[in-house]
Amino acid sequence: MSSESTISKRAAIADPGTKRQRMSVPRFTARKGGAPLVCLTSYTAHVAAICDEVCDLLLVGDSLGMVIHGMENTLGVTLEHMIMHGQAVVRGADKALVVVDMPFGSFEESPEIAFRNAARVVKETGCHAVKLEGGVEMAPTIRHLTRRGIPVMAHVGLMPQAMNTAGGFKAVRDEGQFEAVVADARAVEDAGAFSVVVEGVAPALADRRHGALSIPTIGIGASADCDGQILVFEDMVGLMPRVPTFVKRYGTMEEMMRAAVGQYAEEVTARTFPAEEHTYRRK
Ligand code: KIV
């Protein structure tokens, strides 16, 4: 287990004099079986700065297509979207490991094309690693990237980019699907992935996989026994209207924002805003 625990980070927040080192890929992997890894998505600099205070890893997920850009799924997300949001998050975070998702169509064709696009993401954002969806079929690509200096976080189980072949966002619940998911997890580990996101897998299955791997498993809709957890920031602060089973809302941001814009509209209409203290004095 690594000496850097969540507790020491919390101490650093309470006492800003305590130094917290930037998380690195080797230290992240070394946390396998240690203090749980705290991960969240971030797409903007300000949110990244908030999450950076407590997170080991910030993921610039391609979920930004749905959350920020109002798309129905993640398939329309481009490399340019990922680079622009990746740059913002890297500017906002100076402690967490920043990982940027490879969007659909940017890595599947060949390991060489994946490298070209992943290298562009790393160069143009300054992120520390990329994430890509896929198991056995993506192992050669993961090996190609990691051997050439690009750390890869893998993503198995429910893979949102495969929604058309899967017939929607389908959780893995059947024993029958389990062997394929285990084979995926083993393949990405063998190929050199430094960690693997396990999405939408029933705990009984997720736990069997988790125990069998030597890299950290990061669960979303999986099991509390994974080495860490990740959620979409906007889901957990209560900013998204849809609340999937695996999301716990830790805040009520949508209500707070509605109340704020409602009050603003009332005050503008009543000409009570701006008040004197919000206006400049004449010289
Ligand atoms: O795109 C994303 O936000 C993700 C996480 C949900 C793991 O892949």
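Here goes a summary of the coordinates provided. It should be emphasised that the depicted structure is a prediction, and the values quoted were computed from it without experimental measurement.

### Some words on the packing of helix α6 (residues 111–125) against helix α7 (residues 139–146)
Contact pair α6 / α7: the axes reach a minimum separation of 9 Å and the direction vectors enclose 45°. Comparing the axis directions of α6 and α7 gives the class oblique. Here α6 runs over α7; the crossing is right-handed. Only Pro140, Thr141, His144 and Leu145 of α7 make contact with α6, whose side of the interface consists of Pro111, Glu112, Ala114, Phe115 and Ala118. Looking at side-chain class alone, the contact of α6 with α7 contains 6 nonpolar, 2 polar and 1 charged residues.

### Points about helix α3 (residues 45–52)
Buried within α3 we find Val47, Ala48, Cys51 and Asp52. For α3, the angular spread of the buried residues around the axis is 135°, confining them to a single face. Lining the buried residues of α3 we find β1 (37–41), β2 (57–60), α5 (79–92) and α11 (233–236).

### Brief notes about a nonpolar patch on the surface
A surface patch of nonpolar side chains, amounting to about 270 Å² of accessible area, comprises Met253, Met256 and Met257. Structurally, Met253 is set in helix α12 (residues 253–269). By relative accessible area, Met253 is classed as partly exposed at 30%.

### Structural notes on the site of the ligand
All residues adjacent to the ligand are Thr41, Leu59, Gly61, Asp62, Ser63, Asp101, Lys131, His155, Val197, Ile220, Ile230 and Val232. Within the side chain of Lys131, one N or O atom sits 2.9 Å away from an oxygen atom of the ligand. Protein coverage of the free-state accessible area of the ligand, which is 260 Å², stands at 95%. Across the shell around the ligand, the residue classes tally to 5 nonpolar, 4 polar and 3 charged.

### Observations concerning unusual backbone geometry
Cis geometry is found at the peptide bond from Phe273 to Pro274, where omega equals 0°. Residue placement: Pro274 occurs in the segment after α12. For Arg271, which is not a glycine, the phi torsion comes out positive at approximately 55°. By secondary structure assignment, the location of Arg271 is in the segment after α12.

### With respect to the nonpolar core
Among the nonpolar cores identified, the biggest contains 57 residues, and Leu58, Met102, Val121, Val130, Leu132, Ile142 and Leu145 are the most heavily contacted of them. Residues within four places of Leu145 in sequence aside, it is in contact with Pro111, Ala114, Phe115, Ala118, Val130, Leu132, Ile150 and Val152. Residues Leu57, Val99, Met153 and Ile230 belong to the second largest nonpolar core, which totals 16 residues.

### Notes on the side chain of Ser223
Position of Ser223 among the secondary structure elements: in the loop between β7 (217–220) and β8 (228–231). Engagement of the side chain of Ser223 in a polar contact is seen with the backbone nitrogen of Asp225, the distance being 2.9 Å.

### A few points about the packing of aromatic side chains
Under the counting rule described, the total for this entry stands at 2 aromatic pairs. On the basis of an interplanar angle of 80° and a centroid distance of 5.8 Å, the ring pair of Phe28 and Phe194 is categorised as edge-to-face. In this pair, Phe28 sits in helix α2 (residues 25–30) while Phe194 sits in the loop between α9 (175–190) and β6 (195–199), placing the two residues 166 residues apart along the sequence. Considered together, Phe28 and Phe194 belong to a single accessibility category, that of buried residues. Ring geometry for Tyr264 against Phe273: centres 5.9 Å apart, planes inclined by 65°, an arrangement best described as edge-to-face. Residue Phe273 is classed as partly exposed on the basis of its relative accessible area of 32%.

About the criteria used
- Residues numbered from 1 in each chain as written.
- Predicted model: local features only at pLDDT ≥ 70, side-chain atom pairs only at ≥ 80, totals over all residues.
- Heavy atoms only, no water.
- Axes fitted to C-alpha atoms, helices over the stretch in contact; angles between N-to-C directions.
- Helix = DSSP H or I, 4+ residues; strand = E, 2+ residues; numbered from the N terminus.
- Parallel < 35°, antiparallel > 145°, perpendicular 65-115°, else oblique.
- Left-handed = near helix turned anticlockwise from the far one by under 90°.
- Contact = heavy atoms within 4.5 Å.
- Nonpolar A, V, L, I, M, F, W, Y, C, P; charged D, E, K, R; others polar.
- Buried < 20%, exposed > 50% of the residue type's maximum accessible area, 1.4 Å probe, protein only.
- Arc of directions from axis to C-beta.
- Patch = residues over 30% accessible without salt bridge, like charges linked within 9 Å, V, L, I, M, F, W, Y side chains within 5 Å.
- Areas by Shrake-Rupley, 256 points an atom, 1.4 Å probe, with all protein chains shown as cover.
- Salt bridge = Lys/Arg side-chain N within 4 Å of Asp/Glu carboxyl O.
- Near = heavy atom within 4 Å.
- Polar contact = N/O pair within 3.5 Å; in protein donor to acceptor, adjacent residues only side chain to side chain.
- Core = buried A, V, L, I, M, F, W, Y, C linked by side-chain atoms within 4.5 Å.
- Phe/Tyr/Trp six-rings, centres within 6.5 Å; stacked < 30°, edge-to-face > 60°.

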